[in-house]
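Summary of the model geometry
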Amino acid sequence: QVQLPESGGGWVQTGGSLRLSCSPSRTALRIDAMGWYRQVEGQQRELVAVINIDGSTNLADSVKGRFTISRNKLRNSVYLQMNSLTPEDTAVYYCNYRILSREFWGQGTQVTVSS
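Before going into details, it helps to say that this report is about the structure given with it.

The rules we used
- Residues numbered from 1 in each chain as written.
- Predicted model: local features only at pLDDT ≥ 70, side-chain atom pairs only at ≥ 80, totals over all residues.
- Heavy atoms only, no water.
- Phe/Tyr/Trp six-rings, centres within 6.5 Å; stacked < 30°, edge-to-face > 60°.
- Helix = DSSP H or I, 4+ residues; strand = E, 2+ residues; numbered from the N terminus.
- Buried < 20%, exposed > 50% of the residue type's maximum accessible area, 1.4 Å probe, protein only.
- Lys NZ or Arg CZ within 6 Å of the ring centre and 35° of its normal.
- Polar contact = N/O pair within 3.5 Å; in protein donor to acceptor, adjacent residues only side chain to side chain.
- Contact = heavy atoms within 4.5 Å.
- Core = buried A, V, L, I, M, F, W, Y, C linked by side-chain atoms within 4.5 Å.
- Disulfide = S-S within 2.5 Å.

**Quick word on the packing of aromatic side chains**
Overall, the coordinates contain two aromatic pairs when judged by the stated rule. Note on Tyr 94 and Trp 105: the rings are 6.5 Å apart at their centroids and 85° apart in plane angle, and the pair reads as edge-to-face. Residue Tyr 94 is found in strand S9 (residues 91–99), and its partner Trp 105 is found in strand S10 (residues 102–105); the two are separated by 11 residues along the sequence. On the accessibility criterion, Trp 105 (34% relative accessible area) is partly exposed. In textbook terms, an aromatic cluster arises when at least three aromatic residues are bridged by ring pairs, as seen for Tyr 37, Tyr 94 and Trp 105. The ring of Tyr 79 carries the charged tip of Arg 19 above its face, separated from the ring centre by 4.3 Å.

**What about the side chain of Asp 89?**
With respect to the element layout, Asp 89 can be found in the loop between strand S8 (77–82) and S9. One polar contact links Asp 89 to Arg 66, side chain to side chain, over a distance of 2.7 Å. Discounting chain neighbours no more than four positions away, the residues touching Asp 89 are Arg 38, Arg 66, Phe 67, Ser 84, Val 111 and Val 113.

**What to know about unusual backbone geometry**
With a phi close to 50°, Ser 84 is a non-glycine residue in the positive phi region. Along the chain, Ser 84 turns up in the loop between S8 and S9. Take Ser 84: its relative accessible area is 41%, and that puts it in the partly exposed class. Not every positive phi belongs to a glycine, and Ser 101 is a case in point at roughly 70°.

**A word on the nonpolar core**
Soluble, globular proteins show a tendency: their nonpolar side chains are buried together. Among the nonpolar cores identified, the biggest contains 29 residues, and Trp 36, Val 78, Leu 80, Met 82, Tyr 93 and Tyr 97 are the most heavily contacted of them. Looking at this core, the elements that each hand over two or more residues are strand S3 (18–22), strand S4 (31–39), strand S5 (46–52), strand S7 (67–72), S8, S9 and strand S11 (109–114). With five residues, the single largest contributor to this core is S9.

**Things to note about the state of the cysteines**
Per the stated rule, a full pass over the model turns up one disulfide. Residue Cys 22 pairs covalently with Cys 95 via a disulfide, S to S 2.1 Å. When the S-S torsion is -85°, as for the bridge of Cys 22 with Cys 95, the disulfide is left-handed. Here Cys 95 lies in strand S9 and Cys 22 lies in strand S3, a separation of 73 residues in the sequence. Given a relative accessible area of 0%, Cys 22 falls into the buried group. Owing to a relative accessible area of 0%, Cys 95 belongs among the buried residues under this scheme.

Structure, rendered in structure tokens:
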């Protein structure tokens, strides 16, 4: 089993920035992809950003130009730099790892953006 503790969530005003981090409990992993999802209560969880094993990235249209996903290959950590935040970005953000076709999730970290 792989634990995915997240950090970096919190409260920020519109236009502010936050950086989310996710570092797995184990480092010897064969990771296919790492990413971030978010979920608003009562809505479906949606993809925010993903970085694949080859380093390519995909971001949701709603965050392009504002969010950046990156990784530390030695630590198998993944990061989400969030700039120009708006109230529409308020959600619980989940770290996701795909390892040998299995999905692993973090416990989620709350991001709240006030107007």
